[in-house]
Amino acid sequence: MISQQMVEEEIFRLFKEAVIKLPEDVKKALEHAYAIEDDETALLNLKAIQDNIKAAEDMEIPICQDTGLPIIFIKMGDVEIENFQEGIANGIIKATHEIPLRPNVVDPLTRENTDINTGRFIPQVDIELVDSQTLEMTVFPKGFGSENNNSLKMALPGEGTEGIKQFVLETVLAAGGKPCPPIVVGVGVGGSSDMALKLAKKALLREIGEHHPEERMASLEKEMLEMVNATGIGPMGLGGKTTALDVKIEYADTHTAGLPIGVCIQCWAARRATGVLKGENNKKG
Ligand code: SF4
C-alpha cells in the first residue's frame, strides 16, 4: 500500500525540485545555445537566463514568478494507493504555502483565485496504466506565457508531412518572443483533437536531445528544429541562432479522414521532475 502521506510528501518534493532546479538536459542545452551564439543581444539574454537559473538554485527559490498550472503525468502500475486524489491535492497545497508557488488557479469566468493551486479538475492529471509494481509521477508545472501560444489544426489527410511542418512553423512565428524563447516545441500528430494536444505535451517529457525512437519521426524532429531556428526569433524574441532547444514529436494512429496536429510550446523554464513510489513492504495490499 502507498499511503496518502507518501503521495503528499512526494508531490511536495517533486514540485519543489521542478520549480527551483531545471533538469540537467535543459541546462546543458541552454549552455550549448550560449556556446554557439555570436549575436550580442542573444548572448546577453542567454547569460541572464543562466544567471537566473543559478540564483534560483543558490537561493532555493522558484526559477520564474509564474510557477505554472499544476499538471501531473502518472504511470500507474499494479499498486494500491490510499486517498490518492487527496494526497496529490494536499501535496500541492503544501507546496503552494511552503515553497511557495504563486497561486495561479482561478475560476475561468469570475477569475476568483482558489489561492491553493487546486480547483475544479485541477491539478490536471493524466494517468497511463502500465505493467509494473510502482507508481511513477512526473510533475509538469506549465507556465502560461508559453501555454497561451499552443495551437490545434484538424488538417486534411492530404496535407501530410508538409502540412505538419507548415503548421508548426506558423505556430512558432505567431508566438514570436511571447513564450520566452529558447522554446521546446512539442508536436502531437494523430488521434483525435484532444489527443493530438495531449501528445504534444507528453512529447515534452522526453529529454532535450532524446529523439523519437522511430527514425522517420526522429529525422522530422531534426528537420523541424532547423526550420524553427532558421526563423531567427532567438532568445527572448530579440534575434539569434537558438529559437528552440528541441522539437519533440509524439504520434498516435488516427481516423482515415483526418490528420490532427497539436503544437505545445514550452518556454526555456522547461520544468519537470519525476519520482517513483513503491508500496510499503514492496507489495500490493
Ligand atoms: S513563459 Fe516560462 S519563463 Fe516566461 S514567464 Fe512564463 S513560466 Fe516564466
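Residues numbered from 1 in each chain as written. Predicted model: local features only at pLDDT ≥ 70, side-chain atom pairs only at ≥ 80, totals over all residues. Heavy atoms only, no water.

Entries for the protein in the domain assignment read domain 1 (4-20 + 63-142 + 271-282) and domain 2 (144-266). A C-alpha centroid distance of 26 Å is found between domain 1 and domain 2. With eleven residues of domain 1 at the contact, the number on the domain 2 side is 15 residues. In this structure, the connection of domain 1 to domain 2 is made through four salt bridges. (Domains from an automatic or database assignment. Contact = heavy atoms within 4.5 Å. Salt bridge = Lys/Arg side-chain N within 4 Å of Asp/Glu carboxyl O.)

All right, on to the sheet that holds strand β6 (residues 244-254) then. Strand order across the open sheet formed by four strands is β4-β7-β5-β6, with mixed pairing between neighbours. With one partner strand each, in any of the chains shown, β4 (151-155) and β6 form the two edges of the open sheet. For this sheet the average axis-to-axis angle between neighbouring strands, irrespective of direction, equals 15°. Of the pairings in the sheet, the one linking strand β5 (residues 183-191) to β6 comprises eight bridges and is parallel in character. Its bridge partner lying in β6, Ile 183 is registered against Ala 244. Here helix α8 (residues 215-229) sits on the sheet and contacts β5 and β6; the angle it forms with β6, its principal contact strand, is near 140°. (Pairing = 2+ DSSP bridges. Helix = DSSP H or I, 4+ residues; strand = E, 2+ residues; numbered from the N terminus. Axes fitted to C-alpha atoms, helices over the stretch in contact; angles between N-to-C directions.)

In this section: the packing of helix α1 (residues 4-20) against helix α4 (residues 84-98). Helix packing geometry: the angle between the two helix axes and the distance between the axes. Look at α1 against α4: their axes get within 7 Å of each other, and the N-to-C directions meet at 40°. Between α1 and α4, the interaxial angle falls into the category oblique. In this structure, α1 crosses over α4, and the sense of that crossing is right-handed. Listed contacts from α4 to Gln 4, Val 7, Glu 8, Ile 11, Phe 12 and Phe 15 of α1 are Phe 84, Glu 86, Gly 87, Ile 88, Asn 90, Gly 91, Ile 92, Lys 94, Ala 95 and Glu 98. Residues belonging to the contact of α1 with α4 are distributed by class as follows: eight nonpolar, four polar and four charged. (Parallel < 35°, antiparallel > 145°, perpendicular 65-115°, else oblique. Left-handed = near helix turned anticlockwise from the far one by under 90°. Nonpolar A, V, L, I, M, F, W, Y, C, P; charged D, E, K, R; others polar.)

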